[in-house]
Amino acid sequence: MLGFDPQSFKLTLDSWLAQLHPEDRPRVARAFEDYVAGRSAEYRVEFRQRTSGGHWKWILSIGKIQAYDDNGRPLRMLGTHTDIDAIKAAQAALLELNATLESRVTARTAELTAANQELDSFVYAVSHDLRAPLRAMMGFSGVLAEDLGPTLPPEAKGHLHHIVQAGRKMSALVEGLLTLSRSARGPLQRHRVDVSALARARLAELAAADPARAVAVSVEDGLVFQGDGRLLASVVDNLIDNAWKYTGATDQASIRVEACEEPGYRGFSVTDNGAGFDMAHTTRLFKAFQRLHRQDEFPGIGIGLATVQRIVQRHRGHVRAQAEPGKGAAFSVFLPLSSAAEEVSEPS
Amino acid sequence: MNPVNLLLVEDNPEDEMLALRALKKALPSTRIDVARDGQQALDYLFKTDAYAGRDGPELPAVVLLDISLPRLSGLEVLERLRADPRTACLPVVMLTSSDEPRDRARSYALGCNSFVQKPVEFVAHADTLARLGIYRLSINEPPSGCTPF
């Protein structure tokens, strides 16, 4: 173990102590003396001992007194030395790793925070800087239409209309970008959120804005969850807006908001009987600026479901979609039970 | 009737033109003055520097104050107005490009009377400004405890 020739290796207590690492020697001597004097119940000690090659090797030393003389003084002791060099090395590595882990986490967190803040100010700048020229384009198109509208030839009016339409589209895109970015930043608040009330309010708003539409709506009571009120309201709004939009061409349109659950989760689903989509395209569904319908079928910028998914993931939940072309779509939001249950049991 | 005027603080020339057009249409008899940065707005309101001898009423009936301005930002201007007893109760409407929650929170904390996002749509823009102007000039009364100037 230590590389010495067993034939020539002579060991006395003193020569052995001399081979120990100077830092360990007093500790080993004390452990040995304590045991021999009966002050400790066992002799068991770890130390570094010199090998024949001059290196230090970690040893676990265990010993037991085998015989005492008539006066109760120890005569003979037997024991083992175990090479624990590899264990010690692993332990040291583990300690080192634990010590650096915390500082690495702190460093990474700082990096992420900095990156988030940079993104934050970028989006803030973009939203301001893109809006100003957009307002000018839209504004002066409006001035032209207002001042010259009656005298403009139809073709020119058409061109003006296209400018305004493009401006609206770009405005919606900037808005969507902002919404998406806002849904990803800021601290997550935790309070009681009444999804039933949010859903009813949104449906009422849509009905008021579009009185010609007849949509049968039903919203289950008691859909109460713990989460960020502003963000979950955005989830509800987006899902209900979609249901409203994609039932636009449906006879006897209906929208249902109800409870759903799966092991470890409970949540709510928004189901409509509208245009639906082919489940083969589900992977694109939650990607920003990806759309499954043509603009002339159902206009949109493709940011709603990306926002929904991001918010739900921040709540440690997930979103499931179920749809069939022409039959409708159902989006289910699942929130982890641990947080959902807490909220409901809390008196509010 | 005292002459009524309105101060628009806006550094973007296109926004200024569009705002003036909408305001003049809605409030044909109201004089509209324009300041183009935060410092100019303060000079106008406190009659200092280039505005030391300006004519017109002491203070406008309402200030429409853009948030992002050169020299002093709209928020800094608002802070100074609220800190001075002469303008502590002056009606101030903050105008902003984006409805940024932190700007909104900061504006109300500093004591603005309204916080309005500039709409991109021309018609909405005109309507919003016109309604603000009319609202401020006709309906709104100064908060109790404040002496109108």
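Whatever comes next refers back to the structure up there.
It should be emphasised that the depicted structure is a prediction, and the values quoted were computed from it without experimental measurement. (Residues numbered from 1 in each chain as written. Chains lettered and ligands numbered in written order. Predicted model: local features only at pLDDT ≥ 70, side-chain atom pairs only at ≥ 80, totals over all residues. Heavy atoms only, no water.)

**A word on the overall build of chain B**
When you go through chain B residue by residue, the secondary structure sums to five helices and five strands. Secondary structure elements of chain B occur, N-terminal to C-terminal, as β-α-β-α-β-α-β-α-β-α. Contacts in chain B between residues at least 24 apart in sequence constitute 63% of all its contacts with a sequence separation of at least 6. In the structure as shown, chain B presents an accessible area of about 7000 Å², 54% of it carried by carbon and sulfur atoms. (Helix = DSSP H or I, 4+ residues; strand = E, 2+ residues; numbered from the N terminus. Contact = heavy atoms within 4.5 Å. Areas by Shrake-Rupley, 256 points an atom, 1.4 Å probe, with all protein chains shown as cover.)

**Concerning helix α4 (residues 154–184) of chain A**
The first and last C-alpha atoms of α4 of chain A sit 45 Å apart over 31 residues, in line with the 45 Å expected at 1.5 Å per residue. If you check which residues of α4 of chain A are buried, you get L160, V164, G167, S171, V174, G176, L178, L180, S181, R182 and S183 of chain A. Buried residues in α4 of chain A make contact with α3 (85–148), α6 (229–246) and α8 (304–314) of chain A together with α4 (101–110) of chain B. (Expected span 1.5 Å × (residues − 1). Buried < 20%, exposed > 50% of the residue type's maximum accessible area, 1.4 Å probe, protein only.)

**Quick look at unusual backbone geometry**
Despite not being glycine, Q252 of chain A shows a phi value in the positive range, around 50°. Structurally, Q252 of chain A can be placed in the loop between α6 and β7 (253–262). Judged by relative accessible area, which is 75%, Q252 of chain A ranks as exposed. Positioned with a positive phi, D49 of chain B is a non-glycine residue whose angle comes to about 55°. Structurally, D49 of chain B is set in the loop between α2 (38–46) and β3 (62–66). Residue classification places D49 of chain B among the exposed residues on the basis of a relative accessible area of 64%.

**Some remarks on the pattern of salt bridges**
Per the stated rule, a full pass over the model turns up 25 salt bridges over all chains. The salt bridge involving E146 of chain A is made with K25 of chain B; its shortest N-O contact spans 2.4 Å. In this pair, E146 of chain A is assigned in helix α3 and K25 of chain B in helix α1 (residues 13–26), connecting two distinct chains. Salt-bridge contacts for E10 of chain B lead to K118 of chain B; the nearest nitrogen and oxygen are separated by 3.0 Å. Taken together, the positions of E10 of chain B in the loop between β1 (5–9) and α1 and K118 of chain B in the loop between β5 (114–117) and α5 (122–139) put the pair 108 residues apart, joining distant regions of the chain. K118 of chain B carries the same exposure label as E10 of chain B, and that label is buried. Beyond isolated ion pairs, a larger network of salt bridges with shared partners links R135 of chain A together with E10, D15, D66 and K118 of chain B. (Salt bridge = Lys/Arg side-chain N within 4 Å of Asp/Glu carboxyl O.)

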